[in-house]
Amino acid sequence: MIDWTWIRAAKDAPLMIVCSAVALYVLLILYTRIVGLRSFSKMSGFDFAITIAIGSILASVTLWQKPTLLEGAVALGVLFGLQFVVGNLRKRVPGVTALVDNAPLLLTDGTEVLSDNLRRANMTEADLRAKLREANVTRLEQVRAVVMESTGDVSVLHAPPDAPAIDNALLADVKEGAR
C-alpha cells in the first residue's frame, strides 16, 4: 500500500502558509523601504550572507509552524537592522570595511596567471579558463586582468590588444592590483 501522508497537510496549513507568505511579503517591503535596496545587494560577502539568511527565514516561517510568524518578523528585523548599522559603519568608521568585507584579489595581471592568488581564491586554472570563456574572451592576449571580487564573483577585464591600458583607479582596492 502507498503511504500518501507526505502529500497531505493539516486542514488549516494552506491558509496559514498563505497568511504567513503575505505577512512576510509586506514586512519585506517595509523593511526594504526603511533600510534600502542595498539590503539585497551582493556588493560584499556580508551582503550576500544576509540575503541568504533572509531567504532562509522566509522559507522557514512560511512553511513551518516553528519559528512562528512573530519570531520570523523579529529575526528579519534584526537582520535588516544589522545590515543598516553595518552599512553605516562601513561609510563612517575607518577600518570597518576591511573588517567586514573581503578585498578583491587580482588573479591575472594581463595574461600572467598569479598562481599564489589563484590558490588564495581556491580556484584552479580550469576555473579561470571557464571564467574567461564566460566573459567571451577569444584570445588570451585580450585579457587585461581577472579579479576575484569581494562577493566571490569573478570579473574579467578584457579589450583588444591595441586598446589603452586599464586605468589604475579600477584596480585601486584590489590586492596586488596597483600597477
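Predicted model, so just to flag it, every value in this text is computed and none were measured. (Residues numbered from 1 in each chain as written. Predicted model: local features only at pLDDT ≥ 70, side-chain atom pairs only at ≥ 80, totals over all residues. Heavy atoms only, no water.)

Enquirer: Quick rundown of the overall build of the protein chain? Include the residues and the values.
Expert: For the protein chain, the helix and strand inventory stands at six helices and four strands. When the elements of the protein chain are put in sequence order from the N terminus, they spell out α-α-α-α-β-β-α-α-β-β. Taking 2.2 N^0.38 as the reference for a compact globule, 179 residues should give roughly 16 Å; the C-alpha atoms of the protein chain span a radius of gyration of 22 Å, well beyond that estimate. In the protein chain, buried positions account for 32% of the 179 residues. Looking at the protein chain alone, contacts between residues at least 24 apart form 52% of all its contacts between residues at least 6 apart. A total of about 11,800 Å² of accessible surface is found on the protein chain, and carbon and sulfur atoms cover 63% of it. Considering the protein chain, the positive charge centre built from 18 side chains and the negative charge centre built from 18 side chains are found 6 Å apart. (Helix = DSSP H or I, 4+ residues; strand = E, 2+ residues; numbered from the N terminus. Rg over C-alpha atoms; globule rule 2.2 N^0.38 Å. Buried < 20%, exposed > 50% of the residue type's maximum accessible area, 1.4 Å probe, protein only. Contact = heavy atoms within 4.5 Å. Areas by Shrake-Rupley, 256 points an atom, 1.4 Å probe, with all protein chains shown as cover. Lys, Arg positive; Asp, Glu negative; His and termini not counted. Charge placed at Lys NZ, Arg CZ, Asp CG, Glu CD.)

Enquirer: Mind laying out the pairing of strand 1 (residues 105-109), listing which residues take part and the relevant values?
Expert: Within strand 1, four of the five residues are buried, leaving the element largely enclosed by the surrounding structure. Pairing of strand 1 with strand 3 (residues 143-148) involves four bridges; the strand directions are antiparallel. The partner of aspartate 109 across the bridge, within strand 3, is alanine 145. Bridge analysis of strand 1 against strand 2 (residues 112-113) gives two bridges, and the strand direction is antiparallel. Across the sheet, aspartate 109 pairs through a bridge with glutamate 112, a residue of strand 2. In this antiparallel pair of consecutive strands, strand 1 and strand 2, the connection spans two residues, and glycine 110 shows a positive phi of 70°. (Pairing = 2+ DSSP bridges.)

Enquirer: Kindly report on the sheet that holds strand 2, identifying the contributing residues and their values.
Expert: Strands sit in the order 2-1-3-4 across an open sheet of four strands; the sheet is antiparallel. Unpaired on one side and paired on the other, strand 2 and strand 4 (154-158) mark the two borders of the sheet.

Enquirer: Let's hear about the environment of alanine 172: which residues, and what values?
Expert: Here alanine 172 shows up in the segment after strand 4. Taking relative accessible area as the criterion, alanine 172 reaches 62% and is therefore assigned exposed. The sequence separation of alanine 172 and asparagine 88 amounts to 84 residues, and the corresponding C-alpha distance is 22 Å.

Enquirer: How would you explain the pattern of salt bridges if you had to name every residue and give the values?
Expert: Side-chain pairs of opposite charge can arise whenever the charged atoms involved come near each other. Counted by the stated rule, this structure contains five salt bridges. The closest approach of N and O atoms between lysine 131 and glutamate 134, which form a salt bridge, is 3.4 Å. Of this pair, lysine 131 and glutamate 134 both sit in helix 6 (residues 125-134), separated by three residues, roughly a single helical turn. (Salt bridge = Lys/Arg side-chain N within 4 Å of Asp/Glu carboxyl O.)

Enquirer: Outline the packing of helix 1 (residues 13-35) against helix 2 (residues 45-63), listing residues and values.
Expert: Two elements in contact, helix 1 and helix 2, have axes separated by 8 Å at closest approach and are oriented at 150°. When the axes of helix 1 and helix 2 are compared, the pair comes out roughly antiparallel. Touching Ile17, Ser20, Ala21, Leu24 and Leu28 of helix 1 are Ile54, Leu58, Val61, Thr62 and Leu63, all from helix 2. Residues of the contact of helix 1 with helix 2, tallied by class, amount to eight nonpolar, two polar and no charged. (Axes fitted to C-alpha atoms, helices over the stretch in contact; angles between N-to-C directions. Parallel < 35°, antiparallel > 145°, perpendicular 65-115°, else oblique. Nonpolar A, V, L, I, M, F, W, Y, C, P; charged D, E, K, R; others polar.)

Enquirer: Tell me what's going on with helix 2, and back it up with residues and numbers.
Expert: Taking 1.5 Å of rise per residue, the 19 residues of helix 2 would be expected to cover 27 Å, and the 27 Å separating its terminal C-alpha atoms lies within 8% of that figure. Asp47, Ile50, Ile54, Ile57, Leu58, Val61 and Thr62 are the residues of helix 2 that are buried. Relative to the axis of helix 2, the buried residues are bounded by an arc of 115° and lie together on one face. Tucked inside the fold, the buried residues of helix 2 contact helix 1 and helix 3 (69-92). (Expected span 1.5 Å × (residues − 1). Arc of directions from axis to C-beta.)

Bear in mind that shape data such as this cannot, by itself, settle questions of function.
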